[in-house]
Amino acid sequence: MKNNFNIENNVIILTGGSGNLGSIYAEYLISNGAKVCNFDLTSPQDINKFDEKHYLFLKTDVTDKENISDSLKLVLEKFGCPQGLINNAALDSPPGDSDLINGPFEDYPEEAWDKVIDVNLKSIFLTCQIIGKEMADNSGGSIINISSHYGLISPDQRIYNYRKNFYKPISYSASKSGIFNITRYLSTYWGQQNVRVNSLTLGGVFDNQDEEFVNNYSEKVPLGRMAEKHEYNGVIHFLLSDASSYITGSNIVSDGGWTAW
C-alpha cells in the first residue's frame, strides 16, 4: 500500500528557514528524506549539521522579486522543480524585543507598518508569483502560507499590560489576516494545475519568554500552555504530502484551542 505521507526526495523551498521555527521545520523535513532549500538573509548557526545532498542555503531577500528568481534558478540547477513551498518568513514584535517598534496604535509609524507588510505579506505575493508559477508549469505541488491566530482574532492587549508601553502592533494582525485570502485566491487560480494552496494558523510558541507572559498567555489557551517548537512539524508534513491531496484553499488552525472560545 502506498505511503501517502512519504515526502522522500521532495524539493521544498522554505522561507525564513534560519529562524526559531524555520530551522525546526528544516531539520524535521530533512530527517524524512526531503530536500530543503532555505531562502533567508542569514544562514542558520548550525548549518554544518545539514547534509549538502539534502540542504541548500540561499541568501535571499524575499521582498525582492529578482533576488527570489535568482535563488529559484539555483534550486532548479541543483535539485530540480520544487514540490513544496512554505512561506514562513515573517516579522513579529514579541514582548521584550527592542528592535521592532510596537507602541500604541495612535503613534504607530508608517515606516514600521510598511516594513512588516513587506515581509509578512508582499513576500508571499512574490514567492507565489515566481515559485508557484514554476510549480504550476510543471507537476504541481503544495504551498503552505504560515499565518497566526492573531490574523483570525485581535490580540488581547491585556496579556501584555505588565510591560509598560508594549502593544502587539496592528501591522502584524493585518498582514497575517491578508494571508487567508491570498491562499483562497491562489487555490482557485491554480486548482487545475494541481497546485494546492493552504494556510496554517499557528498559536504562540514557548521560547523562554518571561514567566508572567507565559502565565498570562497560557490562561487563554484551553490546553493551558504554549506550543512547543516541534508541535507544528506534523501538520506541515501532512500538508506537504499526498495525505492532504484533496485539501486546498483551507486554513488549518493549530493554536491549542485559543480561537475556540
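For the structure, check the block above.
Quick caveat, the model's predicted, so the values are computed rather than measured.

## A short note on the overall build of the protein chain
- Each helix and strand in the protein chain was counted, giving seven helices and seven strands.
- Listing the helices and strands of the protein chain from first to last along the sequence gives β-α-β-β-α-β-α-β-α-α-β-α-α-β.
- Its C-alpha atoms give the protein chain a radius of gyration of 18 Å, near enough to 18 Å, the size a compact globule of 261 residues would have.
- Out of the 261 residues in the protein chain, the part that is buried amounts to 49%.
- Accessible surface, the protein chain: about 12900 Å² in total, of which carbon and sulfur atoms supply 48%.
- Computed over 21 positive and 32 negative side-chain charges, the separation of the two mean positions in the protein chain equals 4 Å.

## Side note on the packing of helix α2 (residues 65-78) against helix α3 (residues 110-137)
- It is at 9 Å that the axes of α2 and α3 come closest, and there the two elements cross at 30°. Accordingly, the angle class assigned to the pair α2 and α3 is roughly parallel. The interaxial crossing formed by α2 with α3 has right-handed handedness. Mapping the contact onto sequence places K65, I68, S69, L72 and L76 in α2 and L126, T127, Q129, I130, I131 and E134 in α3.

## Considerations on the sheet that holds strand β1 (residues 11-15)
- Judged by pairing direction, the sheet is parallel, and its seven strands sit side by side in the order β3-β2-β1-β4-β5-β6-β7 without closing on themselves. In the strand order of this sheet, the two ends are held by β3 (55-59) and β7 (251-254), each with one partner. Here the strands of the sheet are splayed against their neighbours by 20° on average, with no regard to which way each runs.
- In the sheet, strand β5 (residues 141-148) pairs with strand β6 (residues 195-202) via eight bridges, with the strands oriented parallel. Its bridge partner being in β6, I144 is matched across the sheet by N198.
- Docked against the sheet, helix α1 (residues 20-31) engages β1, β2 (35-40), β3, β4 (84-87) and β6, running at close to 170° with respect to β1.
- Lying on the sheet, α2 is in contact with β1, β2 and β3; it crosses β3 at an angle near 160°.

## Brief notes about the pattern of salt bridges
- Within this structure, the stated rule accounts for ten salt bridges.
- Between K220 and D156 there is a salt bridge whose closest N-O contact spans 3.1 Å. Of this pair, K220 sits in the loop between α6 (211-218) and α7 (233-240) while D156 sits in the loop between α4 (149-152) and α5 (170-189), placing them 64 residues apart in sequence.
- For D156, a relative accessible area of 12% corresponds to the buried category.

About the criteria used
- Residues numbered from 1 in each chain as written.
- Predicted model: local features only at pLDDT ≥ 70, side-chain atom pairs only at ≥ 80, totals over all residues.
- Heavy atoms only, no water.
- Helix = DSSP H or I, 4+ residues; strand = E, 2+ residues; numbered from the N terminus.
- Rg over C-alpha atoms; globule rule 2.2 N^0.38 Å.
- Buried < 20%, exposed > 50% of the residue type's maximum accessible area, 1.4 Å probe, protein only.
- Areas by Shrake-Rupley, 256 points an atom, 1.4 Å probe, with all protein chains shown as cover.
- Lys, Arg positive; Asp, Glu negative; His and termini not counted.
- Charge placed at Lys NZ, Arg CZ, Asp CG, Glu CD.
- Axes fitted to C-alpha atoms, helices over the stretch in contact; angles between N-to-C directions.
- Parallel < 35°, antiparallel > 145°, perpendicular 65-115°, else oblique.
- Left-handed = near helix turned anticlockwise from the far one by under 90°.
- Contact = heavy atoms within 4.5 Å.
- Pairing = 2+ DSSP bridges.
- Salt bridge = Lys/Arg side-chain N within 4 Å of Asp/Glu carboxyl O.

Function cannot be inferred from these measures alone, as they are strictly geometric.
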